[in-house]
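These are the residues of each chain, in order.
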Amino acid sequence: MEKPTLPKGTRDFGPLQMARREYIFQTIRSVFQLYGFQPIETPAMENLSTLTGKYGEEGDQLLFKVLNSGDFLKDIERISLASIDSKNLAPQVAEKGLRYDLTVPFARYVVMNRHEITFPFKRYQIQPVWRADRPQKGRYREFYQCDADVIGTDSLTCEAEIILMIKAIFRRLGITDYSVKLNHRGILAGLASAMHASGKEGSLFVAIDKLDKIGEVAVRAELTERGFDTKAIDLLFQTLAFKGSNQEKLDMLNKSFADSPGVKDVRAVLQLLHSYGDNEEHVEFDISLARGLTYYTGCIFEVKVHGVAIGSVSGGGRYDNLTAIFDAREKSSGVGISFGVDRIYDVMDALNLFPEKTQATSDVLTCHLDEASSHYAMRVAATLRNHGISAEVYPDQAKLKKQLEYADKKKTRFVVVIGEDEMRSGQLTVKEMKTGTQEKMKLDELIRRISDQN
RNA sequence: GUGAAUGUAGCUCAGUUGGUUAGAGCAUCAGAUUGUGAUUCUGAGGGUCGCGGGUUCGAGUCCCGUCUUUCACCCCA
């Protein structure tokens, strides 16, 4: 028999990892709820027609397609099979695909359920997504996203609240050294038009986005190769090279490009932050932030944790036309943020930020020495459970040594040893595993002590 | 999708120019200790050297293919 393996880029999660993942999920979920977002879920599979064309050419290639059920070649002319290539065959044999993100299914959901939705609609969604990417560090083929989106309002308070949520989540997770990068597609568009590059925004944005990774020289080379003239490139770097506070950058842009809507929006978002009693700590207006996803139209965000070599752990932005793709009459503006749990996990692991208590376990193991005491142990465990204390009975007749080893490995807090003496006197032998101290006490006393600590 | 590296016990890794029966630490199991874990001592089990083919008298070692993982590109959480 061959050893079983996992599909490339997928992973199992053991109890320790799950405890830590749950900790992240809970933290994010509680903050989302604190800001009035409501949960929804959508299917793992969508119709391919829903997914294709929403993420750019590259994105389409990364979609996992699901082979049609039954005889999927039935309706294809056999003659054409000989000449057809896989690119043209795919849409004929696969009409479903695994979701690539949570935003597009959400837009689909909004269009399909608009009569039941109260706008502005604030939803959050925590589910896995799949991308047929080549895996590497911090990049998986199956990973969880935690999205919060507001749809049906173009108020910039949403942008401000998104930043507040990011800060709240990272504060609760204990991540302190990070920055929320903020930019606006309108500013990038203004830059593009100043460079006389309208129509070539795509390649321009992609090149700009790489600036902090490959450096100015390489970006210049790439832009030259893509047909931008030196004068335009100089103008670009003159703008990007500007160092200063968020305000100073905005003022600089104002002088160079007049008061564009993008600049106004960013200024307003930053001001709103102060209206909420918060500040611009961790928030960095970054003109070089571009982001690839094609559907963004307004503010865009990205979160980078410093000191860890991993991509962005969170990203999002405003999209004005996403629902219109599914229904032309539907023109609701939306804005959202997505947290990548798997990358946040990697970051926290690398920075050693997981609290010790995330290991889930039981409070008490009742150990027994023979048949009679095992029944007594069951009653003890049942009583403890009735008081909300998690308790286990060691299932087999085994040496005490073995039972204690089990408790040790599971990091059980207390062990109750039950033998003839304990049954006769009702004085249970209670051992605290961490300290190794042991004392005799009645069950009531044990319940009181643990309840006090919990 | 393009280019490169990697794979030896459950884990981390040794293994010389191709040469006898592939090793270590940790982990596991058993005993020392028939009512006491995490510390100590003794012993034991555990391998298709990723998989398939080739070269050779002989391959963990060299060659080809393939899969996995990792890295860079592309893109992204």
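Residues numbered from 1 in each chain as written. Chains lettered and ligands numbered in written order. Predicted model: local features only at pLDDT ≥ 70, side-chain atom pairs only at ≥ 80, totals over all residues. Heavy atoms only, no water.

Section: the environment of Met45
Reasoning step 1: Tracing the sequence through the fold places Met45 in strand β2 (residues 45-47).
Reasoning step 2: Not counting residues within four places of it along the chain, the set of residues in contact with Met45 comprises Val66, Lys96, Gly97 and Leu98. (Helix = DSSP H or I, 4+ residues; strand = E, 2+ residues; numbered from the N terminus. Contact = heavy atoms within 4.5 Å.)

Some details on the side chain of Gln127
Reasoning step 1: Inspection of the secondary structure assignment puts Gln127 in strand β5 (residues 121-130).
Reasoning step 2: At a separation of 3.5 Å, a polar atom in the side chain of Gln127 contacts the side chain of Glu41. (Polar contact = N/O pair within 3.5 Å; in protein donor to acceptor, adjacent residues only side chain to side chain.)

Digging into the protein's contact with RNA strand B
Reasoning step 1: Every one of the 43 residues lining RNA strand B counts as a neighbour, but Arg131, Lys137, Arg139, Lys210 and Ser312 are closest to it.
Reasoning step 2: Within 4 Å of the protein, the contacting atoms of RNA strand B are drawn from sugar and phosphate to the extent of 48%.
Reasoning step 3: Gln145 places a polar side-chain atom, nitrogen or oxygen, 3.4 Å from a sugar or linking oxygen of RNA strand B.
Reasoning step 4: Every element with two or more residues in the surface near RNA strand B is listed here: β6 (142-151), β10 (314-319), α16 (400-409), α17 (420-425) and β15 (428-432).
Reasoning step 5: With 7 residues, α16 is the largest single contributor of residues to the surface near RNA strand B.
Reasoning step 6: Split by residue class, the surface near RNA strand B holds 10 nonpolar, 12 polar and 21 charged. (Near = heavy atom within 4 Å. Nonpolar A, V, L, I, M, F, W, Y, C, P; charged D, E, K, R; others polar.)

Describing the pairing of β10
Reasoning step 1: Burial analysis of β10 places 6 of its 6 residues in the buried class, the great majority of the element.
Reasoning step 2: Side chains Ser314, Gly316 and Arg318 project from β10 onto one buried face, and the interleaved Gly315, Gly317 and Tyr319 project onto a second face that is buried too.
Reasoning step 3: Where strand β9 (residues 299-305) lies against β10, 4 bridges are found, and the strand directions are antiparallel. Bridge pairing in β10 links Phe301 to Gly316.
Reasoning step 4: Two elements, β10 and strand β11 (residues 334-340), share 6 bridges in a ladder whose sense is antiparallel. Looking across to β11, one finds that Arg318 is bridged to Val335. (Buried < 20%, exposed > 50% of the residue type's maximum accessible area, 1.4 Å probe, protein only. Pairing = 2+ DSSP bridges.)

Considering helix α8 (residues 185-194)
Reasoning step 1: For α8, the set of buried residues is Arg185, Ile187, Leu188, Leu191 and Ala192. Viewed end-on, α8 has its buried residues packed into an arc of 160°, placing them on one side of the element.
Reasoning step 2: Once α8 ends, the next one or two residues include His196, with phi positive near 55°. (Arc of directions from axis to C-beta.)

Focus on the sheet that holds β11
Reasoning step 1: Taken in spatial order, the 8 strands of this open sheet run β1-β5-β6-β11-β10-β9-β7-β8, and their pairing is mixed. The sheet is open, and its two edges are formed by β1 (38-39) and β8 (283-285), each paired on a single side.
Reasoning step 2: Sheet strands in contact with helix α6 (residues 103-112) are β5, β6 and β10, and its direction is about 135° off that of β5.
Reasoning step 3: Contacts from helix α14 (residues 341-350) reach β6, β9 and β11 within the one sheet, and its direction differs from that of β11 by about 45°. (Axes fitted to C-alpha atoms, helices over the stretch in contact; angles between N-to-C directions.)

Let's talk about the pattern of salt bridges
Reasoning step 1: This structure, assessed with the given rule, holds 23 salt bridges.
Reasoning step 2: The closest approach of N and O atoms between Asp327 and Arg329, which form a salt bridge, is 3.0 Å.
Reasoning step 3: Asp327 sits in the buried class, given a relative accessible area of 13%.
Reasoning step 4: Accessibility expressed as a relative area gives 70% for Arg329, which makes it exposed.
Reasoning step 5: Residue Glu445 pairs with Arg448 through a salt bridge whose shortest N-O separation is 2.7 Å. Taken as a pair, Glu445 and Arg448 lie in helix α18 (residues 443-453) at a separation of 3 residues, close to a single helical turn.
Reasoning step 6: Each of Arg114, Asp327, Arg329 and Glu330 takes part in salt bridges that share partners, so that together they form one network. (Salt bridge = Lys/Arg side-chain N within 4 Å of Asp/Glu carboxyl O.)

What to know about the environment of Tyr35
Reasoning step 1: Looking at the element boundaries, Tyr35 is found in the loop between α1 (15-34) and β1.
Reasoning step 2: Residues Tyr35 and Lys122, 87 residues apart in the sequence, show an inter-C-alpha distance of 9.0 Å.
Reasoning step 3: Not counting residues within four places of it along the chain, the set of residues in contact with Tyr35 comprises Lys122, Glu161, Leu164 and Met165.

Things to note about the sheet that holds strand β4 (residues 94-98)
Reasoning step 1: In space, the 3 strands of this open sheet follow the order β2-β4-β3, with antiparallel pairing throughout. With one partner strand each, in any of the chains shown, β2 and β3 (65-67) form the two edges of the open sheet. Averaged over all neighbouring strand pairs, the angle between strand axes comes to 45°, with direction disregarded.

Quick word on the nonpolar core
Reasoning step 1: In this structure, Phe32, Phe170 and Phe339 are the most contacted members of the largest nonpolar core, which totals 95 residues.
Reasoning step 2: Ranked by residue count, the leading element in this core is helix α7 (residues 157-173), at 11 residues.
Reasoning step 3: Among residues more than four places away in sequence, those in contact with Phe170 are Ile175, Tyr178, Val303, Val305, Val313 and Phe339.
Reasoning step 4: Ala377, Ala391, Val416 and Val430 belong to the second largest nonpolar core, which has 17 residues in total. (Core = buried A, V, L, I, M, F, W, Y, C linked by side-chain atoms within 4.5 Å.)

Concerning the packing of aromatic side chains
Reasoning step 1: Taken as a whole, this structure holds 13 aromatic pairs when the rule is applied.
Reasoning step 2: On the basis of an interplanar angle of 50° and a centroid distance of 6.0 Å, the ring pair of Phe32 and Phe339 is categorised as tilted. Of this pair, Phe32 sits in helix α1 while Phe339 sits in strand β11, and the two are 307 residues apart along the sequence. Each member of the pair, Phe32 as well as Phe339, is classed as buried.
Reasoning step 3: With centroids separated by 6.3 Å and ring planes inclined at 40°, the aromatic side chains of Phe170 and Phe339 adopt a geometry described as tilted. Note that Phe170 is positioned in helix α7 and Phe339 in strand β11, a separation of 169 residues in sequence. (Phe/Tyr/Trp six-rings, centres within 6.5 Å; stacked < 30°, edge-to-face > 60°.)

Quick look at the domain arrangement of chain A
It is common to give the size of an interface as the accessible area lost on bringing the parts into contact.
Reasoning step 1: Examined at the domain level, chain A breaks down into domain 1 (15-44 + 103-350) and domain 2 (360-453).
Reasoning step 2: One C-alpha centre belongs to domain 1, the other to domain 2, and the line joining them spans 51 Å. (Domains from an automatic or database assignment.)

Some points on the environment of Leu270
Reasoning step 1: The residue Leu270 is located in helix α13 (residues 261-275) in this model.
Reasoning step 2: On a C-alpha basis, the gap between Leu270 and Glu284 in space is 9.9 Å, while along the polypeptide they are 14 residues apart.
Reasoning step 3: Sequence-distant contacts of Leu270, defined by excluding residues within four places in its chain, comprise Leu182, Asn246, Gln247, Leu250, Glu280 and Val283.

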